Every structure is written in structure tokens, then in C-alpha cells.
Amino acid sequence: MAALKGISLEEQIVRDDDSAAMIDLVGRRVIPILVKDNGQPMLESMDMVDLIESMGPPVLTGPTRPEITAMEKELLARTPKLTMPRYAILDLPEFATASARQHFIDRKRAYYDDFATLRAATGDLLQELYPVLDRLGELIESDRAINGELSKDDIRILPVLRSAAVVAELRFPPRIQRYFDTMMRRIGQTAPPAA
Ligand SMILES: N[C@@H](CCC(=O)N[C@@H](CS)C(=O)NCC(=O)O)C(=O)O
């Protein structure tokens, strides 16, 4: 979002086992946290989007569509079983130490099946995801904006696609792949590492 506006944010990655970093700032474990220039921390990613959007000329000028919000929910109901077991083995900065990685695995095991079992189910899980991706692909109006002009719907969907892209076996429908490549280029990011 900030990148789309040409605003640079100082990014600090919190190691998964560094609960203190979050608790000291806002009293509980939660990310993302935006610390404003005056030192005041802010929670809720969509509030952060509103704040950044209020700086300089607006960029999220397009309409939103309830179908896209529904798509986000449908995707998020299916992607974590694919992405969580992969995050656990990827070389991500939040898992810079063995204890940080183990902390993530222990935390997630409370909600998910054993990661090896989930990885073995990749084919079936992808078959459940593809119909949703196909429907999303049909809704994308332009490579540069889901609704033809940038809107909060892009801010909702692009991160979900980015996280799904850690699944090495996943092939986005062509319409989504073009949108994803275009948007990632615009925000100056490469596709995430996949496993
Ligand atoms: N409504 C919040 C949700 C934030 C949220 O659910 N963050 C998750 C990670 S995406 C979290 O902090 N989980 C607790 C943890 O990692 O221990 C927002 O959109 O910013």
C-alpha cells in the first residue's frame, strides 16, 4: 500500500518468539503494528491503509465490490492449510533462529493438523482452492486493479495471493498470474520463496 503511494516505511520484522516486542508496544501479541512518527502505535491493518491513503494524493480511488470481500474470505478459509506448513520450512526473517521457528510451529499446532500431514494433502487442498481462484480470475477487470481502478479490494486480495504463492505446486489461473505479476512489479517486490 505504502509502496503504491511511493511512501517508504521503516520495516521491523519481529521474530516469532519475541512476544515482548509486541507486548511492550501494544500490550499483546499482534502484528501488524504501525508506529506513527509521534511514537503512537496503531493496530488494524485497514486503519493503517486509511492513514497512509490520507497522506498525499489518494491512490485507492476505484470502487469496491462485495464479491471481492467475499472472495477474500473464501480464499482465507482455504489457504492457511497450504501456507502454514510451508512458512514453517521457509527461510523467513521472522524465523531467523531455531527457537523462533519452533515457536511458530508450536503455536500453529494448536489450530492445525500435523504439518507433514497437511503437506501430504497438498493435491486435495489445491483442488479445493482452484475453483475459488477461477472465480476470482473472472472478477479481475485489469492487470493493474481488480476493479479497473485501484481500490481497497486490491489491498485485500494481493496479500492473500502473495501468501498463497509460497505453495510451489500452485499455478494461478492466467488472469490472476498476470494481475499478480503486474502488482508485485509495481510495489517493487519479487514473488516470495516457495516450498
Ligand atoms: N484485524 C487485525 C488482525 C491482525 C491479526 O490477526 N494478526 C495476526 C497475524 S496475521 C496475529 O497477530 N496473530 C497473533 C500472533 O501472531 O501471535 C488487522 O487486520 O490488523
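Just so you know, these numbers come straight off a predicted model, no measurement behind them.

Calculation rules
Residues numbered from 1 in each chain as written. Predicted model: local features only at pLDDT ≥ 70, side-chain atom pairs only at ≥ 80, totals over all residues. Helix = DSSP H or I, 4+ residues; strand = E, 2+ residues; numbered from the N terminus. Rg over C-alpha atoms; globule rule 2.2 N^0.38 Å. Core = buried A, V, L, I, M, F, W, Y, C linked by C-beta atoms within 7 Å. Buried ≥ 20, exposed ≤ 12 C-beta atoms within 10 Å, placed from the backbone. Contact = placed C-beta atoms within 7 Å. Domains from an automatic or database assignment. Nonpolar A, V, L, I, M, F, W, Y, C, P; charged D, E, K, R; others polar. Near = placed C-beta within 6 Å. Axes fitted to C-alpha atoms, helices over the stretch in contact; angles between N-to-C directions. Parallel < 35°, antiparallel > 145°, perpendicular 65-115°, else oblique. Left-handed = near helix turned anticlockwise from the far one by under 90°.

### Some points on the overall build of the protein chain
Then, number 1: Along its length, the protein chain carries nine helices and two strands.
Then, number 2: Along its sequence from the N terminus, the protein chain presents helices and strands in the succession α-β-β-α-α-α-α-α-α-α-α.
Then, number 3: The C-alpha radius of gyration of the protein chain comes to 17 Å, within 12% of the 16 Å expected for a compact globule of 195 residues.

### Some words on the nonpolar core
General note: in soluble globular proteins, nonpolar side chains tend to be found buried as a group.
Then, number 1: Core analysis: the largest hydrophobic core is formed by 26 residues, its most contacted members being Leu 161 and Ile 176.
Then, number 2: Looking at this core, the elements with two or more residues in it are α3 (66-76), α4 (80-87), α7 (122-139), α8 (152-164) and α9 (174-186).
Then, number 3: At five residues, α8 tops the list of elements feeding residues into this core.
Then, number 4: Contact partners of Ile 176, with chain neighbours within four places excluded, come to Leu 133, Leu 136, Gly 137, Ile 140 and Leu 161.

### Points about unusual backbone geometry
Then, number 1: Going from Ile 31 to Pro 32, the amide bond is cis rather than trans, its omega being 0°.
Then, number 2: Position of Pro 32 among the secondary structure elements: in the loop between α1 (19-26) and β1 (34-35).

### As for the domain arrangement of the protein chain
Buried accessible area, meaning the area lost when the parts come together, often serves as the stated size of an interface.
Then, number 1: As far as domains go, the protein chain holds domain 1 (2-53) and domain 2 (66-186).
Then, number 2: Taking the mean C-alpha position of each, domain 1 and domain 2 sit 21 Å from one another.
Then, number 3: If you look at the interface, domain 1 gives seven residues, while domain 2 gives 13 residues.
Then, number 4: For the side of domain 1 that touches domain 2, a count of residues per class yields four nonpolar, no polar and three charged.

### Focus: the site of the ligand
Then, number 1: Around the ligand, a shell composed of Arg 29, Val 30, Ile 31, Pro 32, Leu 43, Glu 44 and Ser 45 is seen.
Then, number 2: Split into classes, the residues belonging to the shell around the ligand amount to four nonpolar, one polar and two charged.

### With respect to the environment of Glu 149
Then, number 1: Along the chain, Glu 149 turns up in the loop between α7 and α8.
Then, number 2: With 88 residues separating them along the chain, Glu 149 and Thr 61 place their C-alpha atoms 6.7 Å apart.
Then, number 3: Beyond its immediate sequence surroundings of up to four residues, Glu 149 is in contact with Thr 61 and Gly 62.

### Considering the packing of α3 against α7
Then, number 1: Where α3 meets α7, the closest approach of the two axes is 10 Å, and the angle between their N-to-C directions is 155°. As the angle between them shows, α3 and α7 are arranged roughly antiparallel. The two elements α3 and α7 cross, and the hand of that crossing is left-handed. Touching Glu 67, Ile 68, Met 71, Glu 74 and Leu 75 of α3 are Val 132, Arg 135, Leu 136 and Leu 139, all from α7.

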